[in-house]
There are 2 protein chains.
Amino acid sequence: MAFSPLVDELVESLRCLPGVGQKTAQRMAFHLLERGRTGGTRLADALGQAMTGVRRCTSCQNFADTEICGICDNPVRRTGSLCVVESPSDLLAIEQAGDYRGGYFVLMGHLSPIDGVGPEEIGIERLLQRVEDENISELILATNPTVEGEATAHYIADRLDGRDILITRLAHGIPVGGELGYVDGFTLTHAFRGRKPLSD
Amino acid sequence: MAFSPLVDELVESLRCLPGVGQKTAQRMAFHLLERGRTGGTRLADALGQAMTGVRRCTSCQNFADTEICGICDNPVRRTGSLCVVESPSDLLAIEQAGDYRGGYFVLMGHLSPIDGVGPEEIGIERLLQRVEDENISELILATNPTVEGEATAHYIADRLDGRDILITRLAHGIPVGGELGYVDGFTLTHAFRGRKPLSD
Ligand SMILES: [Zn+2]
Ligand SMILES: [Zn+2]
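The name that an unreviewed UniProt entry assigns to chain A is Recombination protein RecR, with the source organism given as Marinobacter qingdaonensis. Per its UniProt entry, chain A bears the Function (unreviewed entry) comment "May play a role in DNA repair. It seems to be involved in an RecBC-independent recombinational process of DNA repair. It may act with RecF and RecO." What the UniProt record of chain A gives under Sequence similarities (unreviewed entry) is the line "Belongs to the RecR family."

Written out as C-alpha cells, the structure is:
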C-alpha cells in the first residue's frame with residue numbers, strides 16, 4: 001500500500017463494519033483524517049468502552065451496561081405482559097412506536113437447527129422461568145413473520161401449552177398509509193382474513 | 001432511548017462516518033456487539049492511534065506517520081517527475097495502477113474561492129518551491145476533470161509560465177474496456193479530438 005501503517009491499519013479495521021468494503025473503508029478513513037478527527041476520537045473511545053463494557057441483561061438478554069437493564073429494572077414496566085423479540089432493533093422499533101409499556105425478552109436470534117441454534121442458544125428456558133416467576137398473564141410473540149420466526153413462536157407456544165396464559169402474535173395487514181398496489185400477496189391475504197367491521 | 005448509555009453513545013458516534021445515518025449506525029453497533037467484538041476492539045485501537053498519530057508529509061502533504069512519507073523518502077522515486085493530485089485516494093488509484101514511478105504532491109483539495117480555499121490553503125507555494133529545489137522536469141497535473149480541478153491545474157501552469165519544465169495533463173478518452181454507448185458526450189468529444197493513427 002502507498003500509505004502509512006497507521007492509515008493502512010485504520011482502513012483495514014473499518015472493514016469489520018457490516019456493508020463496508022475496501023473503497024468505502026478508504027473513503028471513511030480519509031474523511032475522518034481530513035475533516036473528522038474529533039468525531040473519530042469520540043468513536044474510538046465509544047467503541048473501546050462499548051466492546052468491553054456492554055453485556056447482556058440477565059433478565060431480558062438485551063444489551064445493557066449493568067446486570068439488569070433499565071426496562072427490566074423499572075417496576076412500572078412489570079405489567080404482566082412480556083413481549084418476545086428476535087433482536088435489539090426489534091425492541092427499539094417497538095419502544096419508538098411508544099405504545100407498549102410491558103417487559104421484553106430478546107432472543108438474539110431464532111431457532112435454526114441447521115446453524116446449530118436450538119432452544120438453549122436463544123434462552124428459551126430462561127424465558128419460561130420468567131413467565132413462571134413473574135406471573136406473566138400475556139406473552140406477545142413478536143418474532144419476525146419469516147419461516148424461522150414463525151417456527152420459534154410456535155415452539156415457545158407449544159412449551160407453554162396447558163398453562164393459563166394468553167399467547168398472542170402481532171397482527172398482519174396493510175401498513176398504515178401503505179398503498180394496496182404495493183402490498184405483497186401474503187400480506188394482502190392476511191389483511192383479508194383479519195378484516196374487521198367498520199364500527200370496530 | 002431504550003438502550004444503555006454505552007450503546008447509545010456508540011450509535012451516536014458511528015454517525016461521524018460519512019454516509020452513516022441513524023439506522024445504519026444502529027445496525028453497525030448491534031453487529032459489532034453481537035458478532036464483532038474482536039473487530040470492534042481492533043477498530044477502536046486503530047482509530048485512536050490514527051487520529052492522534054497521522055500527520056501530513058512535509059514534502060508532498062499526503063497523510064504520513066512520519067515527517068517525510070515513504071514515497072518522498074524513496075530515492076528511486078526522485079525521477080524528476082512530480083504528479084499533482086487533489087486527494088490521497090487519487091494518489092492511491094495511481095499507485096494501484098502501478099505504472100507511474102515518480103513523486104507526488106497532494107493538494108488535499110482544489111482552488112475554490114467561494115469556500116475560501118486559495119493557493120495558500122492547498123500548498124501551491126510549497127509545490128513551486130519543490131519544483132525549484134528538486135529540479136523537476138515534468139509536472140503532471142492530475143487534478144480532476146471538473147471545473148475546479150481544471151481551474152486549479154491552469155492556475156499552477158500559469159505560475160510556472162516561462163520556466164523550462166514540461167507540464168502535462170492526463171489524457172481523456174474512452175475507458176479501457178468501456179462501451180461507446182455508455183460514454184458521455186464530453187468524453188467522446190475528447191476521445192475524438194485525441195484520436196491517434198492505428199500504428200501508434
Ligand atoms: Zn433487561
Ligand atoms: Zn511525501
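And the narrative resumes.
**Q** Go over the overall build of chain A with me, naming the residues and quoting the values.
**A** Looking only at helices and strands, one finds seven helices and six strands in chain A. Taken from N to C terminus, the helices and strands of chain A fall in the order α-α-α-β-β-β-α-β-α-β-α-β-α. Rg of the C-alpha trace for chain A: 22 Å, well past the compact-globule value of 16 Å for 200 residues, more than 25% over. The dimensions of chain A, computed from C-alpha atoms along their principal axes, are 65 × 45 × 35 Å. Scored against the burial criterion, the 200 residues of chain A give a buried share of 44%. Sequence separation of at least 24 residues holds for 47% of the intrachain contacts in chain A that already meet a minimum separation of 6.

**Q** I'd like to hear about the interface of chain A and chain B, residue by residue, with values.
**A** Contacts between the two partners involve 52 residues from chain A, matched on the other side by 52 residues from chain B. Of the roughly 4900 Å² buried where chain A meets chain B, counting both sides, 73% is carbon and sulfur surface. When the area that chain A buries against chain B is broken down by residue, the three leading residues are L6, M51 and F63 of chain A, summing to 14%. At the boundary of chain A and chain B, one finds two salt bridges. The salt bridge partner of E9 of chain B is R42 of chain A, with a shortest N-O separation of 2.9 Å. Scanning the region where chain A abuts chain B turns up ten residue pairs in polar contact (both at pLDDT 80 or more). Of all the elements in the fold, those that place two or more residues in the side of chain A that touches chain B are α1 (5-14), α2 (22-35), α3 (37-53), β2 (63-64) and α4 (88-97) of chain A. A class-by-class count of the residues in the side of chain A that touches chain B yields 30 nonpolar, 14 polar and eight charged.

**Q** Tell me about the UniProt feature "domain: Toprim" (unreviewed entry) in chain A, and please be specific about residues and values.
**A** Residues annotated in UniProt with the feature "domain: Toprim" (unreviewed entry) correspond here to residues 80-175 of chain A. Within the segment residues 80-175 of chain A, helix and strand shares are 34% and 18% respectively, and the terminal C-alpha atoms sit 28 Å apart.

**Q** Explain the coordination of the zinc ion (ligand 1) residue by residue, including any values.
**A** Residues and elements named next belong to chain A. Only C57 (SG), C60 (SG), C69 (SG) and C72 (SG) from the protein reach the zinc ion (ligand 1) as donors, at distances of 2.3 to 2.4 Å. For the zinc ion (ligand 1), the four donor atoms are set out with angles of 106 to 116° between them, so the coordination reads as tetrahedral. Written as a sequence motif, the donor arrangement for the zinc ion (ligand 1) is C-x2-C-x8-C-x2-C. Across this residue pair, the class does not change: C69 and C72 are buried.

**Q** Quick rundown of the packing of aromatic side chains? Include the residues and the values.
**A** Enumeration over the complete set of coordinates arrives at four aromatic pairs over all chains. Ring geometry for Y100 of chain A versus Y104 of chain A: centroids 5.4 Å apart, planes at 70°, classification edge-to-face.

**Q** Residue-level account of the sheet that holds strand β6 (residues 166-169) of chain B, with values.
**A** Residues and elements named next belong to chain B. The strand order β4-β3-β5-β6 describes an open sheet built from four strands, whose pairing is parallel. Here the strands that pair on one side only, and so sit at the sheet edges, are β4 (103-106) and β6. Strand-to-strand twist of the sheet, defined as the mean angle between neighbouring strand axes without regard to direction, takes the value 25°. Of the strand pairs in this sheet, strand β3 (residues 81-85) and strand β5 (residues 138-141) are connected by four bridges, and their pairing is parallel.

**Q** Would you mind going over the environment of R130 of chain B in detail, with residue names and values included?
**A** Residue and element names in this part refer to chain B. With respect to the helices, strands and loops of the structure, R130 is situated in helix α5 (residues 124-133). For R130 and G194, which are 64 residues apart along the polypeptide, the C-alpha to C-alpha distance reads 31 Å. Filtering out sequence-adjacent residues up to four positions away, R130 remains in contact with S59, C60, C72, L82, Y104, F105, N135 and I136.

**Q** Outline the layout of surface pockets, listing residues and values.
**A** In this approach, a probe sized like a water molecule rolls over the atoms, and the result shows the empty space that is left. Roughly 760 Å³ of internal volume is contained in the largest pocket. Along its surface, the largest pocket is lined by 27 residues, and A142, P145, L170, A171 and H172 of chain B are the ones closest to its centre. Among the secondary structure elements, those contributing two or more residues to the lining of the largest pocket are α4 (88-97), β5 and α7 (185-193) of chain B. The biggest single contributor to the lining of the largest pocket is α7 of chain B, with five residues. Its residues placed into classes, the lining of the largest pocket shows 15 nonpolar, seven polar and five charged. When residues of the lining of the largest pocket are assigned to domains, at least three fall in each of domain 2 (63-164) and domain 3 (170-200) of chain B. Taken as a whole, the second largest pocket holds about 470 Å³ of empty space. Together, 17 residues line the second largest pocket, and C83, D90, I94, A142 and L170 of chain A are the ones closest to its centre.

What counts, and where the lines are drawn
Residues numbered from 1 in each chain as written. Chains lettered and ligands numbered in written order. Predicted model: local features only at pLDDT ≥ 70, side-chain atom pairs only at ≥ 80, totals over all residues. Heavy atoms only, no water. UniProt positions renumbered as here; feature names shortened; annotations may be inferred. Helix = DSSP H or I, 4+ residues; strand = E, 2+ residues; numbered from the N terminus. Rg over C-alpha atoms; globule rule 2.2 N^0.38 Å. Buried < 20%, exposed > 50% of the residue type's maximum accessible area, 1.4 Å probe, protein only. Contact = heavy atoms within 4.5 Å. Buried area = accessible area lost by both parts, 1.4 Å probe. Salt bridge = Lys/Arg side-chain N within 4 Å of Asp/Glu carboxyl O. Polar contact = N/O pair within 3.5 Å; in protein donor to acceptor, adjacent residues only side chain to side chain. Nonpolar A, V, L, I, M, F, W, Y, C, P; charged D, E, K, R; others polar. Donors = N, O, S within 2.8 Å, 3.2 Å for Na, K, Ca; no water. Tetrahedral: all angles 85-135°; square planar, octahedral: opposite > 155°, others 65-115°. Phe/Tyr/Trp six-rings, centres within 6.5 Å; stacked < 30°, edge-to-face > 60°. Pairing = 2+ DSSP bridges. Axes fitted to C-alpha atoms, helices over the stretch in contact; angles between N-to-C directions. 1 Å grid on protein atoms, 1.4 Å probe; cavity = no way out; pocket = protein on both sides within 12 Å on 5 of 7 lines; lining within 4 Å. Points joined across faces, edges and corners; volume = space filled by probe spheres on them. Domains from an automatic or database assignment.

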